[in-house]
Amino acid sequence: MWAFHSPQTTTQPPSHSFFLPRTSPKPPLCFVNLNPTVSTATDNNKLIQSLCKQGNLKQAINVLSNEPDPTQHTYELLILSCTHQNSFSDAQLVHQHLTENGYDQDPFLATKLINMYSSFDSIDDARKVFDEMRSRTIYVYNALFRALTLVGNGEEVLGLYRRMNSIGMGSDRFTYTYVLKACVASNGLVSLLTKGKEIHAQILRRGYEAHVHVMTTLVDMYARLGCVSYGSFVFNQMPVKNVVSWSAMIACYSKNGRPFEALELFREMMLETKDLCPNSVTMVSVFQACAALAALEQGKLLHGYILRRGLDSILPVISALVTMYARCGKLELAQCVFDQMDNRDVVSWNSLISSYGVHGFGREAIHIFEQMIRDGVRPSPVSFISVLGACSHAGLVEEGKRLFESMNKHYGIHPSVEHYACMVDILGRANRLEEAAKIIQDMRIEPGPKVWGSLLGSCRIHNNVELAEWAGTKLFELEPTNAGNYVLLADIYAEAGIWDGVKRVKKLLDARGLRKVSGCSWIEVKRKIYSFMSADELNPRIEQLHALVVKMSKEMKEKGYVPQTKGVLYDLDEEEKEQIVLGHSEKLAVAFGLINSNSRDTIRITKNLRLCEDCHLFTKFISKLTNREILVKDVNRFHHFRDGVCSCGDYW
């Protein structure tokens, strides 16, 4: 009998970039033929396919050279084998043979080739496959979108997407997934948020608002662009949510300075979705939220949960657990978890290095960095950010300079903006501001906000008005809507008594509609987290707490405490300034902890801003007056207060 098929009657497969109708450029009718030559060709195709499935790629290619009529499926398996065996040279041979045999315009095989070259990080070859295609389908576009997104060429994806729309080609769910990711991967030459909103609108017009994968990617895009409110709106409107959706929204809160909301949403997920279990991605974000709030007791409960669920063997989860214990002030538990790890990757080592660094143990951090290298783990760029940050907190200038110079010399890592920012911070904190300024002037790359921010922060510590104005001017150009930069410069002016400067900065704030970020502190007591805002008149506990702060202030003054009010941004008399600093959120949190916790418990507080000089001095006195250990984690580092002394040595 004759067997034949027609492309017109072929059933279309699901809309996926990896699946296409397997149509051949050969004539559409295929007849059974008893000719021995045809039989041999069929046998060779089967042999090639069998060899590919067995992993014998070299033999398969040898047979291919004697096969005059390979099928589409044969080429597909050869391409997949090249990918699995990571053989770029064999991939080029298969591609050349495919082209010579007339399959270079096959859309199905084009997607396979693009995916293959993407796995080799050979984006130029992937582009070449795309450029040489005359019958481009949505699947071919999607394959290139995926390849470009993986290497961070988001700008190119968005350009191709515009071109695709201009020729009237429709998008599918995979297209939207890749272009949303491209908004995050773009280098910033376009307004990413505006572009993301445009794609969001197109998604709604095309009726994809019920597609959980597309909407989850949309939540993730808004999260990565820092637009928490948009991400939350999309999440709340989703008719169906899976564990990936919940994880994306929890990560959105956790990575954008909203750890309290992240834990609340996790609790909601556990209560409302009995059929959904948190995965490793969920737990990483939740541990990050616990770390941000120093929520030790909740972190311990979650540690037990991952042990019961068997998630303790997943490296990212354990690395996040190490960080969580360290950021909750339990460095010994962080070290214990690290020591018990069967396998350690560079991320695990980075977690431990960073943990020692933020506690001010710079030399220990360097020792761990060196131990990582001795264990055969090559440092990553993040490793150097972690160890340089540790040098900064401990005032290890020469050690930091040595490590910075070793990056390129010994490991071929070119310093990024983050590394330069660390060096500026190291020198600036040590009051070597002229050296820090010279580093900026000699940089081969554009300094960027992080570098200028490090310089401005150091000027705040040492009250260098001239360099502060230089750094502030640059930051106002680069980050015109970042209120923190304006406030920092105003602080410097206020401490120097330059009230005209304070007024000028305040006018800029008002003109641009910006508001100072309010100080907020969190404390965990009996597994519950309480938050306090500076001068929070709506808090029902405020009168009791403020009364205790005032009472302790009077007692401490008798023992030598002098309020530090230079940073108050108002030209007021001293008594009024004292009232302002007494209302700072960390003082209220300390008072709450003294009233509501056991006298043997360590009081653990987290603050969203840098600890001010008065709160630092106040807490030192409180630790001695009440014989309590107090741990405060501010935006920069940890402060362990015990018996009137801080672990930072007043260097922060």
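The rules behind the values
- Residues numbered from 1 in each chain as written.
- Predicted model: local features only at pLDDT ≥ 70, side-chain atom pairs only at ≥ 80, totals over all residues.
- Heavy atoms only, no water.
- Helix = DSSP H or I, 4+ residues; strand = E, 2+ residues; numbered from the N terminus.
- Buried < 20%, exposed > 50% of the residue type's maximum accessible area, 1.4 Å probe, protein only.
- Contact = heavy atoms within 4.5 Å.
- Areas by Shrake-Rupley, 256 points an atom, 1.4 Å probe, with all protein chains shown as cover.
- Disulfide = S-S within 2.5 Å.
- Pairing = 2+ DSSP bridges.
- Patch = residues over 30% accessible without salt bridge, like charges linked within 9 Å, V, L, I, M, F, W, Y side chains within 5 Å.
- Salt bridge = Lys/Arg side-chain N within 4 Å of Asp/Glu carboxyl O.
- Right-handed = clockwise from strand over helix to strand, strands pointing away.
- Axes fitted to C-alpha atoms, helices over the stretch in contact; angles between N-to-C directions.
- Parallel < 35°, antiparallel > 145°, perpendicular 65-115°, else oblique.
- Left-handed = near helix turned anticlockwise from the far one by under 90°.
- Nonpolar A, V, L, I, M, F, W, Y, C, P; charged D, E, K, R; others polar.
- Phe/Tyr/Trp six-rings, centres within 6.5 Å; stacked < 30°, edge-to-face > 60°.

1. Re the overall build of the chain
Item 1. Across its full length, the chain carries 32 helices and six strands.
Item 2. Viewed in the frame of its principal axes, the chain has a C-alpha envelope of about 110 × 55 × 50 Å.
Item 3. Residues counted as buried form 50% of the 652 residues belonging to the chain.
Item 4. Counting contacts in the chain only where the partners sit at least 6 residues apart, residues at least 24 apart contribute 65% of the total.
Item 5. Summing over all exposed atoms, the chain offers an accessible surface of approximately 31200 Å²; the carbon and sulfur share of this is 52%.

2. Digging into the state of the cysteines
Item 1. Going through the model one piece at a time under the given rule, you end up with zero disulfides.
Item 2. Free of any disulfide, Cys227 has its nearest cysteine sulfur in Cys252, 8.7 Å distant.
Item 3. Its relative accessible area of 12% is what places Cys227 among the buried residues.

3. Some details on the side chain of Lys195
Item 1. Here Lys195 is to be found in helix H10 (residues 192-205).
Item 2. With sequence-adjacent residues up to four places away left out, Lys195 is seen in contact with Leu158, Arg162 and Cys183.

4. Looking at unusual backbone geometry
Item 1. A positive phi angle, near 55°, is found at Ala294, a position not held by glycine.
Item 2. By the element assignment, Ala294 lies in the loop between helix H15 (280-293) and helix H16 (296-309).
Item 3. With a phi close to 55°, Asn463 is a non-glycine residue in the positive phi region.
Item 4. With respect to the helices and strands, the residue Asn463 is situated in the loop between helix H25 (448-462) and helix H26 (465-478).

5. Quick notes on the pairing of strand S5 (residues 638-642)
Each regular strand carries side chains that alternate between the two faces of the sheet.
Item 1. Along S5, four of the five residues are buried, which leaves the element largely enclosed by surrounding structure.
Item 2. As defined by bridge partners, strand S4 (residues 630-633) adjoins S5 across four bridges and the pair is classed as antiparallel. For Leu631, the partnering residue across the bridge sits in S5 and is His640.
Item 3. The antiparallel pairing of S4 with S5 creates a hairpin that spans four residues between the two strands.
Item 4. In the sheet, S5 pairs with strand S6 (residues 645-646) via two bridges, with the strands oriented antiparallel. When the sheet's bridge partners are listed, Arg642 is paired in S6 with Val645.
Item 5. Once S5 ends, the chain turns through two residues before running back antiparallel as S6, passing Asp643 with a positive phi of about 55°.

6. Observations regarding a nonpolar patch on the surface
Item 1. There is a patch of nonpolar side chains on the surface, built from Tyr570, Leu572 and Ile580 and spanning about 260 Å² of accessible area.
Item 2. By the secondary structure assignment, Leu572 is in the loop between helix H29 (542-557) and helix H30 (574-582).

7. Some remarks on the pairing of strand S3 (residues 603-607)
Item 1. By the criterion of burial, S3 is predominantly enclosed, with five of the five residues buried.
Item 2. Along S3, one buried face is formed by Ile603, Ile605 and Lys607 and the opposite face, lined by Arg604 and Thr606, is buried too.
Item 3. Of the strand pairs in this sheet, strand S1 (residues 520-525) and S3 are connected by three bridges, and their pairing is antiparallel. Bridge pairing in S3 places Ser521 opposite Lys607.
Item 4. For S3 and S4, the ladder comprises four bridges, and the chain directions are parallel. Pairing of Thr606 across the sheet is with Lys633, part of S4.
Item 5. Where the polypeptide runs from S3 across helix H32 (residues 613-626) and back to S4, its parallel neighbour, the crossover connection is right-handed.

8. Observations concerning the packing of helix H7 (residues 138-150) against helix H8 (residues 154-166)
Item 1. Relative orientation of the contacting elements H7 and H8 amounts to 165°, with a least axis distance of 9 Å. Looking at the two axes, H7 sits roughly antiparallel to H8. When you trace H7 past H8, the crossing you get is left-handed. Contact with H7, carried on its side by Ile138, Tyr141, Leu144, Phe145, Leu148 and Thr149, involves Glu156, Val157, Leu160, Tyr161 and Met164 of H8 and no other residues of that element.
Item 2. Per-class residue counts for the contact of H7 with H8 are nine nonpolar, one polar and one charged.

9. Some points on the packing of aromatic side chains
Item 1. Scanning the model with the defined rule gives 19 aromatic pairs in all.
Item 2. Centre to centre, the rings of Tyr530 and Phe592 are 4.7 Å apart; their planes meet at 45°, and the pair counts as tilted. Of the two residues, Tyr530 sits in strand S2 (residues 528-533) while Phe592 sits in helix H31 (residues 585-596), which places them 62 residues apart along the sequence.
Item 3. For Phe592, a relative accessible area of 4% puts it in the buried group.

10. Here we look at the sheet that holds S3
Item 1. Strand order in the open sheet formed by six strands is S2-S1-S3-S4-S5-S6, with mixed pairing between adjacent strands. If you trace the sheet from one side to the other, it starts and ends with S2 and S6, each paired once.
Item 2. Here H32 sits on the sheet and contacts S4, S5 and S6; the angle it forms with S5, its principal contact strand, is near 35°.

11. Observations regarding the side chain of Thr619
Item 1. With respect to the helices, strands and loops of the structure, Thr619 is situated in helix H32.
Item 2. Sequence-distant contacts of Thr619, that is, excluding residues within four places in its chain, are made with Ile630 and Phe641.

12. As for the pattern of salt bridges
Item 1. A full pass over the atoms with the stated rule returns 25 salt bridges.
Item 2. Among the salt bridges present, the one from Lys58 reaches Asp90, with a minimum N-O distance of 3.0 Å. On the criterion of sequence distance, the pair formed by Lys58 in helix H2 (residues 57-64) and Asp90 in helix H4 (residues 88-100) is long-range, its members being 32 residues apart.
Item 3. Residue Lys58 is classed as exposed on the basis of its relative accessible area, which comes to 53%.
Item 4. Salt bridges here are not isolated pairs; linked through shared partners, they connect Glu398, Lys401, Arg432 and Glu435.

13. Overview of the environment of Ile630
Item 1. Residue position: Ile630 is located in strand S4.
Item 2. Of the residues examined, Ile630 reaches a relative accessible area of 0% and is grouped as buried.
Item 3. Sequence separation between Ile630 and Val590 is 40 residues, and the spatial gap between their C-alpha atoms is 8.1 Å.
Item 4. The residues contacting Ile630, other than those within four sequence positions of it, are Val590, Ile603, Thr619, Ile622, Ser623, His639, His640 and Phe641.

14. Some thoughts on the packing of H8 against H10
When two helices pack together, their arrangement is captured by the angle between the axes and the distance separating the axes.
Item 1. For the pair H8 and H10, the least separation of the axes is 13 Å and the interaxial angle reads 40°. In terms of their interaxial angle, H8 and H10 are classed as oblique. Considering how the two elements wind past one another, H8 and H10 form a crossing that is left-handed. Here Leu158, Tyr161, Arg162 and Asn165 of H8 lie close against H10, whose contacting residues are Lys195, Ile199 and Gln202.
Item 2. Per-class residue counts for the contact of H8 with H10 are three nonpolar, two polar and two charged.

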